[in-house]
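# Descriptive structure summary
Residue strings, one per chain:
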Amino acid sequence: MKIKINLFKKIFLFSLFIIIFTVFLSYVLSTFAADTFYISRKKSEIIKIKDTAVKYLRNEDVLEEYVENIRDKEGINIYIENRQNQNSHHRKRPRSRYGNINEGFHVVSLPNNNIILLVYKENISPVETLFVTTSLSVMGSHRQEVYMLNLITLVGAMLISMVISRIFAKKITDNIGALNRVAQKISHLDFSEKSEVTTSDELKDLSKSINIMAENISSSIEGLNTFVSNASHELKTPIAVINTHAQLLAAEKITEETERKKYAKVILNESRYMDTLVKDLLLMSKLSTSEIKLNKEEFNLCEILKESIEQFEFLELQKDISWKIDCKNIKITGNKKLIKIVLNNIVQNSLKYSPENSEINIYEKDRKIFFENPMYIDEIFDAEKLFQPFYRGKNATEIKIEGSGLGLSLIKRIFDIHMIKCGVKTENKKFIFWFDILSH
C-alpha cells in the first residue's frame, strides 16, 4: 500500500535532505580537504612574502621593519642565514632543527611541544639562505570549531526549514485546494466559480488555463445543446410529415391515384431531405474531431468547379440562370473530396438563393475566388452567425427556400482545416462569397 505524504512533509523532508547533505559535504571537505587547501594558500602567500624580502635584502632597515610587520600581522617568520657573517645583528640564524633540510617547502614537526611548521628554504646567494616559516597548529584547533559550527548550522537550518516549509506549503496547498475545488465543479459541469490564483508562478498559469478550459467546455456544451436542439427540430418536421402521409396512405383514406402519387412524392422528398441532413451531420461530426488527417493533392480547381456546375444543371435550367465564369487554370493543394463538397455547396446555394432569370458571376481577383449572385431581398446580416449550424438568413426564411442551414458551416469547417481563409458580404443586393487560393 502506497503511503500518502502531504506537501508540507515532502517539502520539509526534501529541505532536510539538502541541509544534511550540505553539512555532511562540509564535514568531509573540512576533514579531508581543508588542510590541503590551507597549506596551498599559505604556500602562495609565503612565495609572495619571500619575493618581497629578497627585494629588501640590501636595505637592512627596511627589511627589518618588513620582517617584524609580517610576523605581527600574518604570524610568518623570516630568517636569513649568512654563513660568512653569522654575528650580523640584523640577520637571524634559523633553528638548527630544520636548518639542514633541502630547498623548497617542508612540513616540520618540532619534538616535545607538538608544534607543526610549514618551512620554506631557498638559497638566495652562495653564502645566504632564506627561511620562511609559519605554524600549522592552528588547523587542528580550528577544526573542532568548524565541526561545532556545522552542528549548530544543522540544527538551526532544520528549525528554519520547518518554519519556511510550513509557510510555503500552506500557500501552495491553499492555491492547489482552490484549483482542485474549481476542477471538481467543472467535472460536474458547474462553471459558476472561477479560479483565482495571484502568485506569479506556474500555479497562476494553471489557474488561467483552467478558466480558459472551463469557458471552452461551457461554450462547447452550449453549442452542442444548440446543435442537438436544432438538429432535432430539423428532423422533427420531416419525420412528422412522413408519418402523417404514410398513415393516410396505409389507412387507404387516399383513394385517387393522383393524390396517392402526390403523397408518395412528399414522403420521397422529405426522406431525401432527411438523408441529406443526416449525411451533413455525420460529416460535421467527423470534421469536428481533432485527429482528422487530410490526404492532400494538387488538382485543378476550375475542373472541379465545372463538375459541380454540371451536377446542378437541372436547378440551373429550372430557374433559367446563366453563368459568367472567369476562371483560368488554377492549381490548389488540398483534399480533393472535401473541396468538391465545398464547391457543391457554394454552387447549390448560389442557384437556390438567386432569383429566376439572373446571372451568377464567378471570378478571380487578388488570388481569391469570388462567387457573386443576386438575392431575392436586400439583407443585412452578421457574417459570423451565417456560418453557425442551422442559421439561415431572411432570403431563406422569408422566401421559404429549402435547406438545413448546414451548408456554410460545412464550408467554413473544411476551409478551416485546410487553413484557407473565406468570408461573405453583400453589395448592391448581391451576395458575395470568397475564399483565397494561396498555396497551403
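None of these values were measured; they are calculated from a predicted model. (Residues numbered from 1 in each chain as written. Predicted model: local features only at pLDDT ≥ 70, side-chain atom pairs only at ≥ 80, totals over all residues. Heavy atoms only, no water.)

A few words on the pattern of salt bridges. In total, this model carries eleven salt bridges according to the counting rule given. A salt bridge links Asp51 to Lys50; the nearest nitrogen and oxygen atoms lie 2.7 Å apart. Given a relative accessible area of 37%, Asp51 falls into the partly exposed group. Taking the relative accessible area as the measure of exposure, Lys50 reaches 10% and is therefore buried. Counted as one network, the salt bridges with shared partners bring together Lys50, Asp51 and Glu122. (Salt bridge = Lys/Arg side-chain N within 4 Å of Asp/Glu carboxyl O. Buried < 20%, exposed > 50% of the residue type's maximum accessible area, 1.4 Å probe, protein only.)

With the rule as written, the count across this model stands at six aromatic pairs. Judged by centre distance (5.5 Å) and plane angle (75°), the ring pair of Tyr56 and Tyr66 falls under edge-to-face. With Tyr56 in the loop between helix H2 (34-55) and helix H3 (60-74) and Tyr66 in helix H3, this residue pair connects regions lying ten residues apart in the sequence. For Tyr56, a relative accessible area of 28% corresponds to the partly exposed category. Tyr66 sits in the buried class, given a relative accessible area of 15%. Between Phe415 and Phe435, the ring centres sit 4.9 Å apart and the planes meet at 35°, which makes this aromatic pair tilted. Residue Phe415 is located in helix H12 (residues 407-417), and its partner Phe435 is located in strand E11 (residues 430-436); the two are separated by 20 residues in the primary sequence. For the pair Phe415 and Phe435, one class covers both residues: buried. A network of ring pairs unites the aromatic residues Phe371, Phe415, Phe433 and Phe435 as a single cluster. (Phe/Tyr/Trp six-rings, centres within 6.5 Å; stacked < 30°, edge-to-face > 60°. Helix = DSSP H or I, 4+ residues; strand = E, 2+ residues; numbered from the N terminus.)

The predicted model of the chain averages 78 in pLDDT, with 81% of residues at 70 or higher. Contacts from residues 87-91, a stretch scored under 50 in pLDDT, to residues over four places away or in other chains number eight contacts. (pLDDT = per-residue confidence, 0-100. Contact = heavy atoms within 4.5 Å.)

With that settled, the discussion passes to unusual backbone geometry. Located in the positive-phi region is Asn357, a residue other than glycine, with phi close to 60°. Structurally, Asn357 is set in the loop between helix H9 (336-352) and strand E8 (359-365). Non-glycine residue Met419 carries a positive phi angle of around 55°. Looking at the secondary structure, you find Met419 in the loop between H12 and strand E10 (422-427).

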